[in-house]
Amino acid sequence: MDNLASFKTKNIVKIKKIILFLLVMTHFSFTNHKFYLSLTQIEYREELKSIQIIINVFLDDIEYALNKDYNIDLQLFSKKELPSNDIYFKKYLSKKLKLTINNKAKEFNYIGKEYEDDLVYFYIEIKKIDELNSLEIENKILINHFPSQQNLIKLKFGKKNKSLLLNSKNYKGLLKI
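Residues numbered from 1 in each chain as written. Predicted model: local features only at pLDDT ≥ 70, side-chain atom pairs only at ≥ 80, totals over all residues. Heavy atoms only, no water.

(A) Focus on the overall build of the chain. For the chain, the helix and strand inventory stands at four helices and ten strands. By the burial criterion, 47% of the 177 residues in the chain qualify as buried. Considering only intrachain contacts with a sequence separation of at least 6, the fraction spanning at least 24 residues in the chain is 61%. A total of about 10,200 Å² of accessible surface is found on the chain, and carbon and sulfur atoms cover 51% of it. (Helix = DSSP H or I, 4+ residues; strand = E, 2+ residues; numbered from the N terminus. Buried < 20%, exposed > 50% of the residue type's maximum accessible area, 1.4 Å probe, protein only. Contact = heavy atoms within 4.5 Å. Areas by Shrake-Rupley, 256 points an atom, 1.4 Å probe, with all protein chains shown as cover.)

Have a look at this one:
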């Protein structure tokens, strides 16, 4: 757990505030419809030569998607939760999230996950990144099951911040530094 704990940054508080704000606003705006949103926070850590990524999604949405896609019954955050659920999370994220760094496709390392209230936080990392000039992301998380799914991408590079909002019609984006 030390690796997972050290992976977290102080920006997690900001992420929670953003999501809380969006949830409150959408609750009042769309009382008859559920709002589907994930947040992917990407940070280039130059001193570590790595890209650290935190993805948060709603627990019930990811559980629904994985149960349907893999014909399983995860029962997340319960005593009946499958002990092998990380295998399914890693497999799902590997299919739905593609990253290209400086025009080279990169695979990520799945570090783990945490549950908090009705959210799941996934922690992933890409090592051996000497410099970051561009990041192309393809994010299809939950899109197959929820056509109105939106995936917000936030990139932090030093003091620079960039963002993208991806959806079922536009699930790829390019961020240049």
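(B) Representation of the packing of aromatic side chains in the model. Summed over all chains, the structure comprises seven aromatic pairs. Arranged with centres 4.3 Å apart and planes meeting at 20°, the rings of Y36 and F146 form a pair that is stacked. Of this pair, Y36 sits in the loop between α2 (11-29) and β1 (37-45) while F146 sits in the loop between β7 (134-139) and β8 (150-157), placing them 110 residues apart in sequence. The two residues Y36 and F146 agree in class, both being buried. Ring plane angle 65° and centroid distance 5.3 Å describe the contact between F77 and Y115, whose orientation is recorded as edge-to-face. With F77 in the loop between α3 (59-70) and α4 (85-96) and Y115 in strand β5 (residues 109-116), this pair connects stretches of sequence that are 38 residues apart. Since its relative accessible area comes to 53%, F77 is described here as exposed. Through successive ring pairs, a cluster of aromatic residues spans Y36, Y64 and F146. (Phe/Tyr/Trp six-rings, centres within 6.5 Å; stacked < 30°, edge-to-face > 60°.)

(C) Inspection of the packing of α3 against α4 at higher detail. Where α3 meets α4, the axes come as close as 11 Å, and the angle between the chain directions of the two elements is 90°. In terms of their interaxial angle, α3 and α4 are classed as roughly perpendicular. Within the contact between the two elements, α3 uses I62, A65, L66, D69 and Y70 and α4 uses Y88, F89, K91, Y92, K95 and K96. Taken together, the residues that form the contact of α3 with α4 break down as seven nonpolar, no polar and four charged. (Axes fitted to C-alpha atoms, helices over the stretch in contact; angles between N-to-C directions. Parallel < 35°, antiparallel > 145°, perpendicular 65-115°, else oblique. Nonpolar A, V, L, I, M, F, W, Y, C, P; charged D, E, K, R; others polar.)

(D) Expanded view of the pairing of β1. Across the nine residues of β1, nine count as buried, placing the element largely inside the fold. Residues L37, L39, Q41, E43 and R45 point to one face of β1 and S38, T40, I42 and Y44 to the other, with burial holding for every one of them. Two strands pair when backbone bridges link them, and β1 and β8 are joined in this way by eight bridges, in the parallel orientation. In the strand pairing of β8, S38 is matched with N151. In this antiparallel pair of consecutive strands, β1 and strand β2 (residues 50-58), the connection spans four residues, and K49 shows a positive phi of 55°. (Pairing = 2+ DSSP bridges.)

(E) Fine view of the sheet that holds strand β3 (residues 97-101). Strand order in the open sheet formed by four strands is β4-β3-β7-β10, with antiparallel pairing between adjacent strands. Of all strands in the sheet, those with a lone pairing partner are β4 (104-106) and β10 (172-176), marking the two edges. Ignoring which end each strand starts from, the neighbouring axes of this sheet average 25° apart. Here β3 pairs with β4 via three bridges, running antiparallel. Each bridged residue has a counterpart across the sheet, and for I101 the counterpart in β4 is K104.

(F) Molecular detail of the side chain of E63. Relative to the assigned elements, E63 resides in helix α3. Setting aside its immediate chain neighbours within four residues, E63 contacts L74, Q75 and L76.

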